[in-house]
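What follows is the residue order along each chain.
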Amino acid sequence: YKASAYGYIPMDIFKPYAERKDKAAQMDILFKLDNADVGILTTLTKQVAYAKGAILGDLRVTGDFNAPQLYGSIKTNKAVVKLAAFKNPLLELNLDIDFLGKKVRLKELSAQMGEGNLLAVGDLNINGNGVDNYQLDINLNKLAIDSAYTAGPLTANLVVKPQPQKSRPVIQ
């Protein structure tokens, strides 16, 4: 696996704003996914038992540490990911994410599991170091779920979005 990063991070940027010598300090880092593979997920989490497929894209992180902006895109095409909790792997996994400054757009997350498939799209806004105003639309069509908790085809249309005045999202 190969990924590289270029750019600069002023050390002052990690201090509380009031303690910074240069209050206008900005970071600018470019992450390039040169020869990256989703297989890296197996080293990052035990929840992924197996993964294979190229990851393409660049991600530029700019601005203040407390209010970063993200630009670029990340994509996979026809990857395979086997989650530890499920017997069936996710096949033909496609991921297409655009980073548009303070907005992240999930243009596509699609995959097949058994005879079924899933499709998810959504948007979220970055607000400082958190997120707000998000919505994720998920379509599950006869997804062949087989785990210790449930088995059988799963069909559902879900919407995940914030609840007004609450910290937890609502799933409809």
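Preceding this section is the structure that the text describes.
Before going into details, it helps to say that this report is about the structure given with it. Please read these numbers as outputs of a predicted model, since none were measured by experiment.

Time to look at unusual backbone geometry. Excluding glycine, most residues fall at negative phi; most peptide bonds, likewise, are trans. Here the phi dihedral of Glu92 falls at roughly 50°; this positive angle occurs in a residue that is not glycine. As for its placement among the helices and strands, Glu92 is situated in strand β6 (residues 90-101). On the basis of relative accessibility, which here comes to 36%, the residue Glu92 falls in the partly exposed class. The phi dihedral of Asn133 falls on the positive side, at around 50°, and the residue is not glycine. For Asn133, the position within the fold is in strand β9 (residues 130-146). Assessed through its relative accessible area of 56%, Asn133 is described here as exposed.

Inspection of the secondary structure puts Gly72 in strand β5 (residues 67-83). When the C-alpha positions of Gly72 and Gly130 are compared, they lie 19 Å apart, and in sequence the two are 58 residues distant.

What follows covers the environment of Ser73. Relative to the assigned elements, Ser73 resides in strand β5. On the basis of relative accessibility, which here comes to 22%, the residue Ser73 falls in the partly exposed class. Along the primary structure Ser73 and Phe99 are separated by 26 residues, whereas in three dimensions their C-alpha atoms are 5.8 Å apart. Leaving out residues up to four positions away in the same chain, Ser73 has contacts with Leu56, Gly57, Asp58, Ile97, Asp98 and Phe99.

How each quantity is defined
- Residues numbered from 1 in each chain as written.
- Predicted model: local features only at pLDDT ≥ 70, side-chain atom pairs only at ≥ 80, totals over all residues.
- Heavy atoms only, no water.
- Helix = DSSP H or I, 4+ residues; strand = E, 2+ residues; numbered from the N terminus.
- Buried < 20%, exposed > 50% of the residue type's maximum accessible area, 1.4 Å probe, protein only.
- Contact = heavy atoms within 4.5 Å.

These values are about where atoms sit, not about what they do.
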